[in-house]
Amino acid sequence: TGILVEPGDADGLYRGIKLLLEDTALREEIVNNSRTQVEEKFNLDRMVSLTESVYKEALGKRRRK
């Protein structure tokens with residue numbers, strides 16, 4: 001879903017950006033993989049379910065006190 005570069009590595013950042021500009025297939029693969037990951041991790045049903053879990057856990061802890 002991306003190209004990793006060490007912090008402070010300006011040359012590495014340059015090479016990564018240049019690679020993405022020049023390699024259309026790699027760029028499209030990164031975009032597609034990123035989109036898939038976002039759709040899986042942040043879809044509405046999952047977010048609602050996780051939010052409900054947090055509330056249920058909080059209520060359960062409150063009742064035990």
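Everything discussed here concerns the structure shown above.
Residues numbered from 1 in each chain as written. Predicted model: local features only at pLDDT ≥ 70, side-chain atom pairs only at ≥ 80, totals over all residues. Heavy atoms only, no water.

So, the overall build of the chain
Next up, step 1: The helix and strand tally for the chain stands at three helices and zero strands.
Next up, step 2: Each helix and strand of the chain, placed in order from N terminus to C terminus, yields the pattern α-α-α.
Next up, step 3: Taken over C-alpha atoms, the radius of gyration comes to 20 Å for the chain, far larger than the 11 Å a tight globule of 65 residues would show.
Next up, step 4: By principal-axis analysis of the C-alpha atoms, the chain measures approximately 60 × 25 × 10 Å.
Next up, step 5: Within the chain, the proportion of its 65 residues that are buried is 5%.
Next up, step 6: With an accessible surface of roughly 6,000 Å², the chain has 56% of that area assigned to carbon and sulfur atoms.
Next up, step 7: Averaging the positions of the 12 positive and the 12 negative side-chain charges in the chain gives two centres separated by 15 Å. (Helix = DSSP H or I, 4+ residues; strand = E, 2+ residues; numbered from the N terminus. Rg over C-alpha atoms; globule rule 2.2 N^0.38 Å. Buried < 20%, exposed > 50% of the residue type's maximum accessible area, 1.4 Å probe, protein only. Areas by Shrake-Rupley, 256 points an atom, 1.4 Å probe, with all protein chains shown as cover. Lys, Arg positive; Asp, Glu negative; His and termini not counted. Charge placed at Lys NZ, Arg CZ, Asp CG, Glu CD.)

A closer look at the pattern of salt bridges
Next up, step 1: Within this structure, the stated rule accounts for two salt bridges.
Next up, step 2: Here E22 and K18 are joined by a salt bridge, their closest N and O atoms 3.1 Å apart. Linking E22 with K18, this pair stays in helix α1 (residues 10-22), spanning four residues, or about one helical turn. (Salt bridge = Lys/Arg side-chain N within 4 Å of Asp/Glu carboxyl O.)

Notes on helix α3 (residues 44-64)
Next up, step 1: Under the 1.5 Å per step criterion, the end-to-end length of α3 is 31 Å for 21 residues, consistent within 8% with the ideal 30 Å.
Next up, step 2: The N-terminus of α3 is capped by N43, whose side-chain oxygen sits 3.1 Å from the backbone nitrogen of D45. (Expected span 1.5 Å × (residues − 1). Polar contact = N/O pair within 3.5 Å; in protein donor to acceptor, adjacent residues only side chain to side chain.)

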